[in-house]
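Listed below are the residues making up each chain.
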Amino acid sequence: MNMPGATQPRRFCRSGPLHGRILVPGDKSISHRAIMLASLAVGTSTITGLLESADVTATAAAMRATGASIEQVKPGVWRIDGVGVGSLLQPAAALDMGNSGTSTRLLMGLFASHGIQTVFTGDASLSRRPMGRVIQPLALMGAQFTVNADDTLPLTMRGADPAVPIHYRLQVASAQVKSAILLAALNTAGSTIVVEPTPTRDHTERMLRGFGANLSIDIGDDGARIITMQGPQDLHPCDIEVPGDPSSAAFFVVAALLVPGSDLTIANVGMNPTRAALLDVLRAMGGSIEEEDHRVIGGEPVADLRVRHSELKGIEIDPASTAAMIDEFPILFVAAALASGRTVTQGLEELRVKESDRLAVMSAALTFAGASVEEHADGLTIEGTGGAMLRGTLPGQSIATMLDHRIAMSMAIAGLVSEAGVTVDDMRPVATSFPQFERLLGDVQCR
Ligand code: S3P
């Protein structure tokens, strides 16, 4: 999938207070996994609150192409009839992953232990992203790859039948790599072990258990998480409710903290501790964020967030928080640009290989909007305005978002706290994770 239609530039203007109660759409990571696991279970699973976005559609299309039946019952509710672990069919055509790194890497894992050949393609942004991190462990399990020297898409994979189990220590803190190996392990006889020195989001482990898979999680002497799965494993159908995506909520959390007079409740937000570090960082910066009505939905902790305008102070962010807020740095940088004093981040090399080089692109974007930013090899140092509005972009100029949805949404929020407004060059990529973003912003904005 390439971006449909003409570019969609938008100008985001200085906003009045954000009030009321909003719901953000379903969690993207959980939605991908729910489709994949339901497609492997024999029988019918129902998923409620599924994120209906382009990235998730790419996963659904790939699972249909390999045999699953996936139908929308009504908005947000999907019925999936799976084919069974070991029974995936050879897709008739190349699988277009669009912008979605999660679809690509997790599906490579899932298909690596099935004797099928798959061709993965993607858009310009995805075709620049490194796939070597999954190719390496999956090749050890026996999958064969035809790929260019950079290990980027397009690539062809021939799954291993039978695959061999591996004992693998992650070289990068990546939930996608961990998940790819665990999904491959489902159809691999023997004991597959993934060692994770830095914990990353654990939705795959939680959901595998929800679908009846047996896996053990231990902590090693060095503090690493050791995940062991004895394959092959059958999955049982399961009804899943997907909580709201904390990475989507993050834009509104920061908007409410920054816009004077705001008092906004964001309901039904996933609070999985492997995803929640942004809230701790914003609280440490002085942000007023209260968690209300803690509950568990679909095996995941959830709460409502009440966020009030706050005067933020710059801080030095502990690199140990990185994995648990990896997708939230672009919007955190916006918060830092309005805080008083200096915010220092480091250990963020991984941001350079996301949908865009998020350190370079956010540094340029915020500078362009009038913020004071210094870029380093592994982070940004930002000198905040102390609450004063950013200048905004000049007439006729726009922020280059490089096909990155989170840059577009972050800079839209920067526009709400700018004198002149901020023009974002293209809002189309937002459809990959948060199609309702502009409508929701309209609901709470500029009264
Ligand atoms: C994801 C893992 C993270 C994250 C991505 C979603 C997942 O990627 O950035 O948006 O669903 O497993 P990495 O595994 O590359 O850190």
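Small disclaimer: the values here were computed from a predicted structure and weren't measured. (Residues numbered from 1 in each chain as written. Predicted model: local features only at pLDDT ≥ 70, side-chain atom pairs only at ≥ 80, totals over all residues. Heavy atoms only, no water.)

Caption draft 1: Summary view of the sheet that holds strand β19 (residues 372-376). In space, the 3 strands of this open sheet follow the order β18-β20-β19, with antiparallel pairing throughout. Strands with a single pairing partner mark the edges of an open sheet, and in this sheet they are β18 (342-344) and β19. Strand-to-strand twist across the sheet, computed as the mean angle between neighbouring axes with direction ignored, equals 15°. Relative to the sheet, helix α10 (residues 358-368) contacts β19 and β20 (379-383), its axis offset from that of β19 by approximately 160°. (Pairing = 2+ DSSP bridges. Helix = DSSP H or I, 4+ residues; strand = E, 2+ residues; numbered from the N terminus. Axes fitted to C-alpha atoms, helices over the stretch in contact; angles between N-to-C directions. Contact = heavy atoms within 4.5 Å.)

Caption draft 2: Local environment of the site of the ligand. Around the ligand sit Ser29, Arg33, Thr102, Arg105, Ala173, Ser174, Ala175, Gln176, Arg201, Ile326, Asp327 and Lys354, and those are all the residues in its vicinity. Taking serine 29, its side chain carries an N or O atom lying 2.7 Å from an oxygen atom of the ligand. Within the backbone of glutamine 176, one N or O atom sits 2.9 Å away from an oxygen atom of the ligand. Notes on the ligand: free accessible area 380 Å², of which the protein chains cover 96%. Most atoms of the ligand, that is more than half of them, are within 2 Å of grid points of the largest pocket. Secondary structure elements with two or more residues in the shell around the ligand: α1 (28-40), α3 (101-112) and α5 (175-185). Along the lines of polarity and charge, the residues of the shell around the ligand split into 3 nonpolar, 4 polar and 5 charged. Both domains that meet at the shell around the ligand, namely domain 1 (10-26 + 243-446) and domain 2 (28-230), each give it at least three residues. (Near = heavy atom within 4 Å. Polar contact = N/O pair within 3.5 Å; in protein donor to acceptor, adjacent residues only side chain to side chain. Areas by Shrake-Rupley, 256 points an atom, 1.4 Å probe, with all protein chains shown as cover. 1 Å grid on protein atoms, 1.4 Å probe; cavity = no way out; pocket = protein on both sides within 12 Å on 5 of 7 lines; lining within 4 Å. Sits in = over half its atoms within 2 Å of the grid points. Nonpolar A, V, L, I, M, F, W, Y, C, P; charged D, E, K, R; others polar. Domains from an automatic or database assignment.)

Caption draft 3: The pattern of salt bridges, seen in detail. In total, this model carries 30 salt bridges according to the counting rule given. Measuring nitrogen to oxygen at the nearest pair gives 3.1 Å for the salt bridge that ties arginine 206 to aspartate 202. With a shortest N-O distance of 2.7 Å, arginine 428 and aspartate 426 are connected by a salt bridge. Take arginine 428 and aspartate 426: they sit in the same class, and that class is buried. Members of the salt-bridge network, linked through shared partners, are Arg129, Arg201, Asp327, Glu355, Arg358, Asp404 and Arg406. (Salt bridge = Lys/Arg side-chain N within 4 Å of Asp/Glu carboxyl O. Buried < 20%, exposed > 50% of the residue type's maximum accessible area, 1.4 Å probe, protein only.)

Caption draft 4: Representation of the sheet that holds strand β8 (residues 144-146) within the structure. Within the open sheet, the 4 strands sit side by side as β6-β7-β9-β8. Their pairing is mixed. Two strands close off the open sheet at either side, each with one partner strand: β6 (95-96) and β8. Inspection of the sheet shows strand β7 (residues 117-121) paired to strand β9 (residues 155-158) by 4 bridges, in the antiparallel sense. Opposite threonine 118, over in β9, you have methionine 157 as the bridge partner. Lying on the sheet, α3 is in contact with β6, β7, β8 and β9; it crosses β7 at an angle near 175°.

Caption draft 5: Quick peek at the domain arrangement of the protein. Domain boundaries in the protein define domain 1 (10-26 + 243-446) and domain 2 (28-230). Put simply, the middle of domain 1 and the middle of domain 2, counted by C-alpha atoms, are 29 Å apart. Across the boundary between the two partners, domain 1 contributes 25 residues, which contact 24 residues of domain 2. Looking only at domain 1, the three residues that lose the most surface to domain 2 are Arg275, Glu355 and Thr432, adding up to 24% of its buried area. Where domain 1 meets domain 2, there are 3 salt bridges. Ionic pairing is found between aspartate 327 and arginine 201, a salt bridge with its closest N-O pair at 3.4 Å. The tally of links between domain 1 and domain 2 comes to 15 residue pairs in polar contact (both at pLDDT 80 or more). Elements that contribute at least two residues to the side of domain 1 that touches domain 2 include exactly β17 (300-308) and α11 (405-416). In terms of residue class, the side of domain 1 that touches domain 2 is built from 10 nonpolar, 7 polar and 8 charged. (Buried area = accessible area lost by both parts, 1.4 Å probe.)

Caption draft 6: Broad picture of the UniProt feature "binding site: phosphoenolpyruvate" (unreviewed entry) in the protein. The positions UniProt marks with the feature "binding site: phosphoenolpyruvate" (unreviewed entry) are Lys28, Gly101, Arg129, Gln176, Arg358 and Arg406. Put simply, the named residues that line the largest pocket are Lys28, Gly101, Arg129, Gln176, Arg358 and Arg406. For glutamine 176, the residues in contact, after removing those within four places along its chain, are Gly101, Thr102, Arg105, Leu106 and Val134. Inspection of the secondary structure puts arginine 358 in helix α10. Since its relative accessible area comes to 0%, arginine 358 is described here as buried. Those residues in contact with arginine 358 that sit more than four places away from it in its chain are Asp327, Pro330, Phe333, Leu351, Arg352, Asp404, His405, Arg406 and Ile407. (UniProt positions renumbered as here; feature names shortened; annotations may be inferred.)

Caption draft 7: Summary view of unusual backbone geometry. Residue proline 162 follows aspartate 161 across a cis peptide bond; omega there is 5°. The topology assignment puts proline 162 in the loop between β9 and β10 (167-169). The phi dihedral of asparagine 268 is positive, around 65°, even though this residue is not glycine. For asparagine 268, the location among the structural elements is in strand β15 (residues 263-270). In this structure, aspartate 293 is a non-glycine residue whose phi angle is positive, near 55°. With respect to the helices, strands and loops of the structure, aspartate 293 is situated in strand β16 (residues 288-297). In this structure aspartate 293 comes out as partly exposed when scored by relative accessible area, which is 49%.

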